[in-house]
Amino acid sequence: MVDRLPPLTALRAFEAAARHMSFALAAEELAVTPAALSYQIKNLEAHLQAPLFRRLNRAVELTEAGAALLPYASEGFDALRQGWRAAQRTLEGAVLNITAGPAFTAKWLAPKLFRFAQQNPDIELRFSATLRVLDFDRDAVDLAIRFGQGRDEGYFSEALYRGWITPMMRPDIAARVASPADLLKENLIHDESLDFLRTPPNWACWFQHAGVDAAQVRGPHFTQADHALDMALEGGGVALGRSSIALTALQSGALVAPFPLALTVDAHYRMVCPLGHETRPRIARFREWIHAELAAAAPLAEGREFVHIE
């Protein structure tokens, strides 16, 4: 056999047809006619001197040769797509693509971004607020703000914010709560967003360290931290809130955290990007800005008694 690569268009037609297991769907994806796609595949088979598909009644299936070629063709085109996106991003000098969790984005990051925009009018921010871990190449992401205990092997990763958990309420409710025991008279809001941890920092845990006997703590449960906080902001009760989500409300005085006892956990926020990209001007300027913004919230932690939960 001649070890000469076939035309790229023929390989592209094969990869699409094998992925869909349909000539019609592959032709639709590539915006060609089924006849044109079939011609490209026949051209590829002639180049190989062997069939790649078995043409069945209203269906196709891969031959042994086709099955051997598919994973390499798929990997090759995936690499080409990633390379093309990387080349495109070098031309988007004014764009910074960031991904972060929905609660952190909505409650802390988004309300402050106007300041970054004022200081950096030449940078266009594009945000993807999702709990899904996006891929830097496939999803065209420049910088990720991630939360959890995970490691980021092979990437630049730096701690962004290690928060704390404590009862949070509106000032009018705080006026009638003189001690931790008084909280048992209030509607206690449960935030279950950290229940994935081995020892969740819940109300029972906080009361235990506060020296309050609270065998059963009733109240509404939320799986999202910002939803629990929203109820507290509306005066619906007291939330065992996460500082990372509540910083804006605490800084403005919309919520207060009157008790010094606060729980901490290993899970924390961190900034992640491909190695070497952390010094790129757009990313470096955003990193500097966000660290300065979080430093302004540091006084909220002063005077607190932190208990770390393993």
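Values in this document were obtained by computation on a predicted structure and should not be read as measured data. (Residues numbered from 1 in each chain as written. Predicted model: local features only at pLDDT ≥ 70, side-chain atom pairs only at ≥ 80, totals over all residues. Heavy atoms only, no water.)

Q: I'd like a rundown of the layout of surface pockets, residues and numbers included.
A: Looking at the second largest pocket, its volume works out to about 480 Å³. Lining the second largest pocket we find 25 residues, and of these Gly 101, Thr 130, Leu 131, Arg 146 and Phe 147 sit closest to its centre. For the lining of the second largest pocket, the secondary structure elements donating two or more residues are strand S3 (95-100), helix H5 (102-119), strand S5 (143-148) and strand S12 (268-274). Per-element accounting of the lining of the second largest pocket gives the leading share, five residues, to S5. (1 Å grid on protein atoms, 1.4 Å probe; cavity = no way out; pocket = protein on both sides within 12 Å on 5 of 7 lines; lining within 4 Å. Points joined across faces, edges and corners; volume = space filled by probe spheres on them. Helix = DSSP H or I, 4+ residues; strand = E, 2+ residues; numbered from the N terminus.)

Q: Lay out the packing of helix H8 (residues 225-233) against helix H9 (residues 243-252) in plain terms, naming residues and giving numbers.
A: Two numbers describe how H8 lies on H9: the axes approach to 10 Å, and their chain directions differ by 25°. By the angle class used here, H8 and H9 are roughly parallel. Seen along the crossing, H8 lies across H9 with a hand that is right-handed. Facing H8, whose interface residues are Ala 225, Asp 226, Leu 229 and Leu 233, H9 presents Ile 245, Ala 246 and Ala 249. A class-by-class count of the residues in the contact of H8 with H9 yields six nonpolar, no polar and one charged. (Axes fitted to C-alpha atoms, helices over the stretch in contact; angles between N-to-C directions. Parallel < 35°, antiparallel > 145°, perpendicular 65-115°, else oblique. Left-handed = near helix turned anticlockwise from the far one by under 90°. Contact = heavy atoms within 4.5 Å. Nonpolar A, V, L, I, M, F, W, Y, C, P; charged D, E, K, R; others polar.)

Q: Can you tell me about the packing of aromatic side chains, naming the residues and giving the values?
A: By the definition in use, this model includes 13 aromatic pairs. Where Phe 23 meets Phe 53, the ring centres are 5.3 Å apart and the plane angle is 85°; that geometry is what we call edge-to-face. You can see Phe 23 sitting in helix H2 (residues 23-30) and its partner Phe 53 sitting in strand S1 (residues 53-56), a full 30 residues away along the chain. For the residue pair Phe 23 and Phe 53, the accessibility class agrees, reading buried in each case. Plain terms: the ring middles of Phe 147 and Tyr 269 are 4.7 Å apart, the flat faces sit at 45° to each other, and that makes the pair tilted. (Phe/Tyr/Trp six-rings, centres within 6.5 Å; stacked < 30°, edge-to-face > 60°. Buried < 20%, exposed > 50% of the residue type's maximum accessible area, 1.4 Å probe, protein only.)

Q: Please provide a residue-by-residue account of the pairing of S1, values included.
A: Residues in a regular strand point their side chains to alternate faces of the sheet. Pairing of S1 with strand S2 (residues 59-62) involves four bridges; the strand directions are antiparallel. In the strand pairing of S2, Arg 54 is matched with Glu 61. (Pairing = 2+ DSSP bridges.)

Q: I'd like a rundown of the confidence of the model for the chain, residues and numbers included.
A: Averaged over every residue, the pLDDT of the chain is 91; residues scoring 70 or more account for 96%. The least confident element of the chain, judged by mean pLDDT, is helix H4 (residues 64-91) at 83; the most confident is strand S7 (residues 165-168) at 98. (pLDDT = per-residue confidence, 0-100.)

Q: Could you give an account of the nonpolar core, naming the residues involved and the relevant values?
A: Ranked by internal contacts, the top residues of the largest apolar core, which has 40 residues, are Leu 109, Ile 145, Leu 160, Met 168, Phe 286 and Ile 290. Ignoring anything within four residues of it in the chain, the contact list for Leu 109 reads Ala 100, Phe 104, Phe 127, Ile 145, Phe 286, Trp 289 and Ile 290. (Core = buried A, V, L, I, M, F, W, Y, C linked by side-chain atoms within 4.5 Å.)

Q: Which residues make up empty space enclosed by the protein, and what values go with them?
A: Scanning the entire structure with this criterion turns up two cavities of 30 Å³ or more. Of the volumes computed, that of the largest cavity is approximately 80 Å³. For the largest cavity, the lining is made up of 13 residues, of which Phe 147, Gly 163, Arg 242, Ser 244 and Ala 267 are closest to its centre. Among the residues making up the lining of the largest cavity, the classes are represented as eight nonpolar, four polar and one charged. Ranked by residues supplied to the lining of the second largest cavity, first place goes to strand S10 (residues 238-242) with four residues. In terms of residue class, the lining of the second largest cavity is built from six nonpolar, one polar and two charged.

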